[in-house]
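Okay, here's what each chain looks like letter by letter:
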Amino acid sequence: MTKETMPLRNYAHIGDSVWEVFVRTYTVTKTSNMKLLHKITTERVNAVFQKDMLQLIMPELTEEELDISRRARNLPIPVARRSIQSDYRQATAFEVLIGYWYLHDKERLNYFYNFFNSTEFFA
């Protein structure tokens, strides 16, 4: 049974912040060059990259997590984002999962942080 306690958009809002902190924490271990810090961060904190991360973890998700992801992908999207609708929807689903794990399952969140760190995307 799901532990959802708020609307999915709220999980996405938290998940977006948590993801950015994770990426920034990663980047500061790689360089002290401000221009490069910004470049590495913006390459990983965007809809296309987050969509790729969702695709990467899909085989690892539980039935409950797949359901949350599916419902998050079906949320209405802002008009300005419609040109990249597919990417934006999947990125939102990714952020919802990150926010959900952050609030309800830190162990699962840490599992995926370790998973992301071990991939070529974070090399």
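Numbering of residues begins from 1 in every chain and follows the order in which that chain's sequence is written. This being a predicted model, a pLDDT of at least 70 is required before a residue's local features are given, and a value of 80 or more before pairs of side-chain atoms are given or counted; all residues contribute to the totals for chains, interfaces and linings. No hydrogens and no water enter the side-chain calculation; it runs on all heavy atoms of the structure.

> Is there a simple way to explain the overall build of the protein chain in this structure?
Counting its secondary structure elements, the protein chain contains six helices and zero strands. Strands are runs of DSSP state E lasting at least 2 residues, helices are runs of H or I lasting at least 4, and numbering of each runs from the N terminus. Secondary structure elements of the protein chain, listed N to C terminal, follow the sequence α-α-α-α-α-α. The atom set for the radius of gyration is the C-alpha atoms, and the globule formula is 2.2 Å times the number of residues raised to the power 0.38. A compact globule built from 123 residues would reach a C-alpha radius of gyration of about 14 Å, and the protein chain, at 14 Å, matches this within 12%. With respect to the three principal axes, the spread of C-alpha positions in the protein chain is 45 × 35 × 25 Å. A 1.4 Å probe rolled over the protein chains alone gives each residue an accessible area, and that area as a share of the maximum for its type sets the label: buried under 20%, exposed over 50%, partly exposed in between. Expressed as a percentage of its 123 residues, the buried residues of the protein chain come to 41%. The protein chains shown are the only cover counted for residues, whose accessible areas, like all others here, come from Shrake-Rupley with a 1.4 Å probe. Of the roughly 7100 Å² of accessible surface on the protein chain, 55% is carried by carbon and sulfur atoms.

> Teacher, can you tell me more about the pattern of salt bridges here?
Should their charged atoms come close, side chains of opposite charge can pair. For this analysis, a salt bridge means a side-chain nitrogen from Lys or Arg found within 4 Å of a carboxyl oxygen belonging to Asp or Glu. Summed over all chains, the structure comprises eight salt bridges. Note that Glu20 and Arg24 form a salt bridge whose closest N and O atoms lie 2.9 Å from each other. A residue pair is termed a helical-turn pair when its members lie 3 or 4 positions apart in one helix, as Glu20 and Arg24 do in helix α1 (residues 8–28) at four residues. The class of Glu20 is partly exposed, set by a relative accessible area of 24%. The exposure class of Arg24 is partly exposed, given its relative accessible area of 47%. Linking Lys51 and Asp52 is a salt bridge whose minimum nitrogen-to-oxygen distance equals 3.5 Å. Taking relative accessible area as the criterion, Lys51 reaches 19% and is therefore assigned buried. Within the structure, one salt-bridge network assembled from shared partners comprises Lys39, Glu43 and Arg44.

> Can you help me understand the environment of Val96 in this one?
As for its placement among the helices and strands, Val96 is situated in helix α5 (residues 85–104). Judged by relative accessible area, Val96 falls into the buried class, the value being 0%. Considering only alpha carbons, one finds Val96 and Ala72, 24 residues apart in sequence, at a separation of 6.8 Å. Not counting residues up to four positions away in its chain, the partners in contact with Val96 are Leu8, Tyr11, Ala12, Ile68 and Ala72. Residue contacts follow a heavy-atom distance rule, with two residues in contact if any of their heavy atoms lie within 4.5 Å.

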